[in-house]
Amino acid sequence: MGDRNTGAAAGGGAIYGLGIFGAWVYFWQQADGFWEFVWAVVQGIVWPAFMVYEAFAALGG
């Protein structure tokens, strides 16, 4: 028998992926030069992780 939580993990990954794409769209629109576009790609990858960290910090007190 398989793990029963794989559906929940896949749903969380999908939400995280949507967060990355949303951040890319936002930061890409704000970028003006070549290095700002490169930085927008990096921010898009890292930004959702900071949001999750801040959410857990707010819930933890």
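What you see is a predicted model, and the numbers here were worked out from it, not measured in a lab.

As for the overall build of the chain
- Counting its regular elements, the chain contains two helices and zero strands.
- Taking all 61 residues of the chain together, 13% fall into the buried category.

What about the UniProt feature "transmembrane region" (unreviewed entry) in the chain?
- With numbering aligned to this structure, UniProt lists the feature "transmembrane region" (unreviewed entry) at residues 7–28 and 34–56.
- End C-alpha to end C-alpha, residues 34–56 measures 34 Å, and it is 100% helix and 0% strand.

Some points on the packing of aromatic side chains
- Tallying each qualifying case throughout the model produces four aromatic pairs.
- Here the aromatic rings of Trp28 and Phe37 are separated by 4.5 Å at their centres, their planes lie at 45°, and the arrangement is tilted.
- A relative accessible area of 46% means that Trp28 is categorised as partly exposed.
- Residue class for Phe37 comes out partly exposed when judged on its relative accessible area of 25%.
- A ring pair is formed by Phe34 and Trp35, whose centres lie 4.9 Å apart and whose planes are at 75°; its orientation type is edge-to-face. Each member of the pair Phe34 and Trp35 is classed as exposed.

Notes on a nonpolar patch on the surface
- Together, Trp28, Phe34, Trp35, Val38, Trp39, Val41, Val42, Ile45, Val46 and Phe50 line one region of the surface with nonpolar side chains, adding up to about 1,100 Å² of accessible area.
- Broken down by element, the nonpolar patch gets its largest block of residues, nine residues, from helix H2 (residues 34–60).
- Take Trp35: it is sitting in helix H2.

Description of the environment of Val41
- Take Val41: it is sitting in helix H2.
- With relative accessibility at 34%, the residue Val41 sits in the partly exposed group.
- Linking Val41 and Ala23, residues 18 residues apart in sequence, is a C-alpha distance of 8.7 Å.
- Discounting residues that sit within four places of it in the chain, Val41 has contacts with Trp24 and Trp28.

Comments concerning H2
- In this model, H2 (27 residues) spans 39 Å end to end at C-alpha, consistent with the 39 Å of a helix rising 1.5 Å per residue.
- Of all the bends in H2, the largest measures some 35° and sits at Val46, one to four residues before the proline Pro48.

Cut-offs applied
- Residues numbered from 1 in each chain as written.
- Predicted model: local features only at pLDDT ≥ 70, side-chain atom pairs only at ≥ 80, totals over all residues.
- Heavy atoms only, no water.
- Helix = DSSP H or I, 4+ residues; strand = E, 2+ residues; numbered from the N terminus.
- Buried < 20%, exposed > 50% of the residue type's maximum accessible area, 1.4 Å probe, protein only.
- UniProt positions renumbered as here; feature names shortened; annotations may be inferred.
- Phe/Tyr/Trp six-rings, centres within 6.5 Å; stacked < 30°, edge-to-face > 60°.
- Patch = residues over 30% accessible without salt bridge, like charges linked within 9 Å, V, L, I, M, F, W, Y side chains within 5 Å.
- Areas by Shrake-Rupley, 256 points an atom, 1.4 Å probe, with all protein chains shown as cover.
- Salt bridge = Lys/Arg side-chain N within 4 Å of Asp/Glu carboxyl O.
- Contact = heavy atoms within 4.5 Å.
- Expected span 1.5 Å × (residues − 1).
- Bend = angle between axes of the 7 residues up to and from the residue.

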